[in-house]
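# Coordinates in review
The primary structure of each chain is shown beneath.
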Amino acid sequence: MIARANGNHVSITGLGWHVPERVLTNDELAGIVDTSDEWIRDRTGIRQRRIAAPEEAMSDLSLAASRRALEDAGVRGEDIDLVIVATVTPDMMFPATAALVAEQIGATRAAAYDLSAGCTGFMYAIAQAYGMVAGGLVQRALVVGGDILSRILNWSDRSTLVLFGDGAGAVVLERVDEGGFLGFELGADGAGGRELLLPSSGSRKFEDSVPPYLTMNGREVFKFATRVMVSSAEAVLEECGRTVEDVDVYVPHQANVRIIDHAARKLGFPDEKVVVNVDRYGNTSSGSIPLALADAAGDGRLQPGKLVLMTGMGAGLTWGSALIEWTHETNGATA
Ligand code: ACO
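Every chain begins its residue count from 1, and numbering advances along the sequence as written. Since the coordinates come from a predicted model, pLDDT governs what is reported: local features require at least 70, and pairs of side-chain atoms require 80 or more to be given and counted, while whole-chain, interface and lining totals use all residues. The basis for every side-chain value is the complete set of non-hydrogen atoms in the structure, without hydrogens or water.

## Quick look at the packing of aromatic side chains
Two aromatic rings are characterised by how far apart their centres lie and by the angle between their planes. Ring geometry is summarised as follows: Phe, Tyr and Trp rings, the Trp one being its six-membered ring, pair when their centres sit within 6.5 Å, and such pairs are stacked at plane angles under 30 degrees, edge-to-face over 60 and tilted between the two. Following the criterion strictly, the structure yields 5 aromatic pairs and no others. For the ring pair Tyr250 and Phe269, a centre distance of 4.6 Å and an interplane angle of 15° mean the geometry is stacked. Taken together, the residues span a long stretch of sequence, with Tyr250 in strand β12 (residues 249-252) and Phe269 in the loop between α8 (257-267) and α9 (278-281) at a distance of 19 residues. Pair check on accessibility: Tyr250 and Phe269 agree, each one buried. Taken together, the ring pairs connect Tyr130, Phe181 and Phe184 into an aromatic cluster. Secondary structure counts use DSSP, requiring at least four H or I residues in a row for a helix and at least two E residues in a row for a strand, with both numbered from the N terminus. Only protein chains enter the calculation, and the probe is 1.4 Å; a residue is then buried if its accessible area is under 20% of its type maximum, exposed if over 50%, and partly exposed in between.

## A word on helix α7 (residues 218-239)
Under the 1.5 Å per step criterion, the end-to-end length of α7 is 31 Å for 22 residues, consistent within 8% with the ideal 32 Å. Along α7, the residues classified as buried are Val221, Phe224, Ala225, Thr226, Val228, Met229, Val230, Ser232, Ala233, Val236 and Leu237. Phi turns positive, to about 70°, at Gly241, one or two residues after α7. Expected span of a helix: the number of residues minus one, times 1.5 Å.

## What to know about the domain arrangement of the chain
Partitioning the chain into domains gives domain 1 (2-178) and domain 2 (181-325). By convention here, the domain bounds are inherited from an automatic or database domain assignment. Just the C-alpha atoms count here: the centres of domain 1 and domain 2 sit 14 Å apart. Any pair of residues with heavy atoms lying within 4.5 Å of one another is described as a contacting pair. Listed as interface residues are 50 residues of domain 1 and, on the opposing side, 52 residues of domain 2. Note on terms: buried area is the combined drop in 1.4 Å-probe accessible area of two parts once they are placed together, counting the loss on both. Roughly 4100 Å² is buried in total at the junction of domain 1 and domain 2, and carbon and sulfur atoms are behind 64% of that figure.

## Some thoughts on the packing of α7 against α8
Note on geometry: axes are lines fitted to C-alpha atoms, helical ones only across the stretch in contact, with angles between N-to-C directions running from 0 to 180 degrees. Two elements in contact, α7 and α8, have axes whose closest approach is 9 Å; the angle formed by their N-to-C orientations is 35°. For the crossing formed where α7 meets α8, the hand is right-handed. Along the contact surface, α7 presents Phe222, Ala225, Thr226, Met229, Val230, Ala233 and Glu234, while α8 presents Arg258, Ile259, His262, Ala263, Lys266 and Leu267. Only Asp, Glu, Lys and Arg are considered charged, only Ala, Val, Leu, Ile, Met, Phe, Trp, Tyr, Cys and Pro nonpolar, and every remaining residue, Gly among them, polar. When its residues are assigned to classes, the contact of α7 with α8 shows 8 nonpolar, 2 polar and 3 charged. By convention, the crossing between two helices is left-handed when the near helix turns anticlockwise from the far helix through less than a right angle, and right-handed when the turn is clockwise.

## So, unusual backbone geometry
In the segment running from Phe94 into Pro95, the intervening peptide bond is cis, with an omega of 5°. Relative to the elements of secondary structure, Pro95 occurs in the loop between β5 (82-86) and α4 (97-105). Of note, the amide linkage connecting Gly316 to Leu317 takes the cis form, showing an omega dihedral of -10°. Positive phi is not limited to glycine here, since Ser285 has a value of about 60°. Relative to the helices and strands, Ser285 resides in the loop between α9 and α10 (288-298).

## Things to note about the site of the ligand
Neighbouring residues are identified by heavy atoms, a residue being near a molecule or strand if any of them is within 4 Å of it. Lining the immediate environment of the ligand, one finds 26 residues, of which Thr35, Arg43, Cys119, Arg219 and Asn256 sit closest. Between the ligand and the protein, one listed contact pairs an oxygen atom with a side-chain N or O atom of Arg43 at 2.6 Å. Contacts described as polar in this section are N or O atom pairs within 3.5 Å, which, within protein, must combine one atom able to donate a hydrogen with one able to accept it, while residues neighboring in sequence count only if both atoms come from side chains. Here an oxygen atom of the ligand and a backbone polar atom of Cys119 are 3.3 Å apart. We get accessible surface area from the Shrake-Rupley algorithm with a probe of 1.4 Å; when it comes to residues, only the shown protein chains can shield them. In isolation the ligand exposes 1000 Å². Once the protein is present, 76% of that is buried. Listing elements by their share of the shell around the ligand, those giving two or more residues are α2 (37-44), α6 (158-161), α7, α8 and β13 (307-314). Tallying contributions element by element places α7 first for the shell around the ligand, with 4 residues. Looking at the shell around the ligand, its residues break down into 13 nonpolar, 8 polar and 5 charged.

## Side note on the nonpolar core
Nine residue types can take part in a nonpolar core, namely buried Ala, Val, Leu, Ile, Met, Phe, Trp, Tyr and Cys, and a core is a set of them joined through side-chain atoms within 4.5 Å. With 44 residues, the main nonpolar core has Val247, Tyr250, Leu267, Phe269, Leu309, Met313 and Leu323 as its most contacted residues. Those elements that provide at least two residues to this core are α7, α8, β13 and β14 (318-325). At 9 residues, the largest contribution of residues to this core is made by α7. Both of domain 1 (2-178) and domain 2 (181-325) provide at least three residues apiece to this core.

## Topic: the packing of helix α3 (residues 58-73) against α4
The contact between α3 and α4 brings their axes to 10 Å, and the two run at 50°. Considering their axes alone, α3 and α4 lie oblique with respect to each other. The way α3 lies across α4 gives a crossing that is right-handed. Contact with α3, carried on its side by Met58, Ser59, Ser62, Leu63, Ser66, Arg67 and Leu70, involves Thr97, Leu100, Val101, Gln104 and Ile105 of α4 and no other residues of that element. By the definition adopted for this analysis, an angle is roughly parallel if under 35 degrees, roughly antiparallel if over 145, roughly perpendicular if from 65 to 115, and oblique otherwise.

Right, here's the structure in full:
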């Protein structure tokens, strides 16, 4: 789907983030599987990632990020009437992690549900929340994106273990007088679903020998990523009547520095417009884009009036872009 925003202006009015304390370096990984700091940095740009403590679950990361987002927006939990948590690693299949978060922040009037679209989850969730706020179904939405992928990785598979990390970000969406979201482009290609999946994790029976670990055809996902990161960004810009030159801040999904560089080069973004934090966090799936937004806010790049382009991609295979004219005076610290 592709759509230009029309009618009411809706924007991000609060931004929060949270990552686990534990830093896991490439050298430490080299003590677990047959890999090296050099290989990981060369192929991915990743230097380290955060790993959740055994007792930490997705709702814990979400809650900490949400509290910061609420504070940044200057609103209370009871002011929120929609909570969406975009994740593929909820605390459990049900109750929804969003319902647990809603309860803990005191959002007693809120509808709350989880959303599954792989690493693109945050993009899908903000598009949904935008629609509900703009359409008047709700006044104020809290959208969390995050994952604890370390729980679903095969810790003896070097080809996936080195790529991912844990973390979450959260945003508050509400109506504003001007600016805000300009448009969205979202898509899915189920035929490519087999290239990135979590077998034995739902009602589909797999052979007994297939364990429930993230399984990925890295080369195919790489090809897909380099294609859609460009096509989706171009599509949303065209729909909104804007060009790459108009964009001040480019926030791509943080999967791999080579994918980010390729997309930035093809689109024509100079380095100073591109937000990169995959070196510090690895691929945090749905946490990737909100954590990168928090980074950009922290270093002063997200000022009111700035045009921000976000593009995500991930399991499904899915992709999604959003274009927003930033309206919020962020006071969050660097993620
Ligand atoms: N350390 C050392 N060697 C390794 C490692 C490792 N961690 N992993 C793989 N290798 C080896 C392979 O076995 C292979 O060896 P061989 O040539 O002897 O067979 C060699 O390195 C090259 O492997 P490739 O897979 O060809 O390496 P490539 O350059 O393609 O990089 C990578 C692999 C980084 C996974 C790349 O394909 C990639 O980034 N893919 C996209 C992944 C991605 O973005 N996934 C997230 C999607 S979003 C979501 O929803 C989760």
